[in-house]
Amino acid sequence: DSGCCAAAAAGTPSLPLYNSSRTLEGWIKTTNGGEEYVAGYGSSTTNEGFTVATEPNNVIVSGYSDDLSFTTTITLDNGSWHFIVVTTNGTTATVYVDGTSLGAQTFPTPLDTVPAAQGLVIGMGAQSCCGYFNGNLADVGVFPSVLSASQVSAQYTASGVSGSRKHHPTGGRS
């Protein structure tokens, strides 16, 4: 995959809005050293969107001028699959990489994600903001609740992906 394209969710899915609880998760694989947008929705107007992005050593949770940065314990641009999960109750966010929590942080102001015509966009930020993901994405999803640490860990464990096995998270070979 050349990272050329992004996708929008079909139809009009119901996405968690305003300051409601949510989890956004997905598998990433990249060797690009820049900022890579996993998925987002809402408006790119100040404080009205919700986007998750990665950098080689950070996961960024963006409310558009209401941003949090979580330092990773591993490098994310190493060409291996990594499971990125962001949970939020609307005021705090917790980030997980490969089933391990990077901790929780509080947003400067509560999320206020508004509905937008484009819905969920995968491989870019809200309203096609900020470029495309350069690499591979798989199994990106949004839940209207905060997944627990044990649920996130169970998902990662069930994938069969580990440091010694570099299989595609949906079953294929990388």
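The preceding data block contains the structure.
Okay, so let's go over this structure. (Residues numbered from 1 in each chain as written. Predicted model: local features only at pLDDT ≥ 70, side-chain atom pairs only at ≥ 80, totals over all residues. Heavy atoms only, no water.)

Before going further, it helps to examine the pairing of strand 5 (residues 58–62). In terms of burial, strand 5 is largely enclosed, as five of its five residues are buried. Residue alternation in strand 5 divides its side chains into two sets, Asn 58, Ile 60 and Ser 62 and Val 59 and Val 61, and both sets are buried. For strand 4 (residues 49–55) and strand 5, the ladder comprises five bridges, and the chain directions are antiparallel. Following the sheet pairing, Glu 55 is matched in strand 5 by Asn 58. Bridge count for strand 5 against strand 6 (residues 68–71) is four bridges, and the pairing is antiparallel. In the sheet register, Val 59 faces strand 6, and the bridge partner there is Phe 70. Between the end of strand 5 and the start of strand 6, which pair antiparallel, lie five residues, with Tyr 64 showing a positive phi angle near 65°. (Buried < 20%, exposed > 50% of the residue type's maximum accessible area, 1.4 Å probe, protein only. Helix = DSSP H or I, 4+ residues; strand = E, 2+ residues; numbered from the N terminus. Pairing = 2+ DSSP bridges.)

So, about unusual backbone geometry. Although it is not a glycine, Tyr 18 adopts a positive phi angle of roughly 55°. Counting through the fold element by element, Tyr 18 comes out in the loop between strand 1 (7–8) and strand 2 (22–29). The residue Asp 98 is not glycine, and still its phi comes out positive at about 50°. Relative to the helices and strands, Asp 98 resides in the loop between strand 8 (92–97) and strand 9 (100–106).

If you trace the five strands from one edge of the open sheet to the other, you get 9-8-7-2-11, paired in antiparallel fashion. Looking at which strands have only one partner, the edges of the open sheet turn out to be strand 9 and strand 11 (136–143). For this sheet the average axis-to-axis angle between neighbouring strands, irrespective of direction, equals 15°. Examined bridge by bridge, strand 2 and strand 7 (residues 82–88) share seven bridges and lie antiparallel to one another. Across the sheet, Glu 25 pairs through a bridge with Val 85, a residue of strand 7. Lying over the sheet, helix 1 (residues 149–159) contacts strand 2, strand 7, strand 8 and strand 11, oriented at roughly 165° with respect to strand 7. (Axes fitted to C-alpha atoms, helices over the stretch in contact; angles between N-to-C directions. Contact = heavy atoms within 4.5 Å.)

With that settled, consider the side chain of Thr 30. Along the chain, the position of Thr 30 falls in the loop between strand 2 and strand 3 (36–42). A polar atom in the side chain of Thr 30 sits 3.0 Å from the backbone nitrogen of Asn 32. If sequence neighbours within four positions are ignored, Thr 30 has contacts with Glu 36, Leu 76, Asp 77, Asn 78, Gly 79, Phe 133, Asn 134 and Gly 135. (Polar contact = N/O pair within 3.5 Å; in protein donor to acceptor, adjacent residues only side chain to side chain.)

Before going further, it helps to spend a moment on the nonpolar core. Among the nonpolar cores identified, the biggest contains 23 residues, and Phe 50, Val 52, Val 59, Val 61, Ile 84, Val 86 and Val 95 are the most heavily contacted of them. Going through the elements one at a time, strand 2, strand 3, strand 4, strand 5, strand 6, strand 7 and strand 8 are the ones with two or more residues in this core. Setting aside residues no more than four positions away along its own chain, Val 61 makes contact with Phe 50, Thr 51, Asp 66, Asp 67, Leu 68, Phe 70, Val 86, Ala 93, Val 95 and Phe 107. Core analysis: the next-biggest nonpolar cluster, separate from the first, contains ten residues, Trp 27, Leu 147, Val 152 and Val 161 among them. (Core = buried A, V, L, I, M, F, W, Y, C linked by side-chain atoms within 4.5 Å.)

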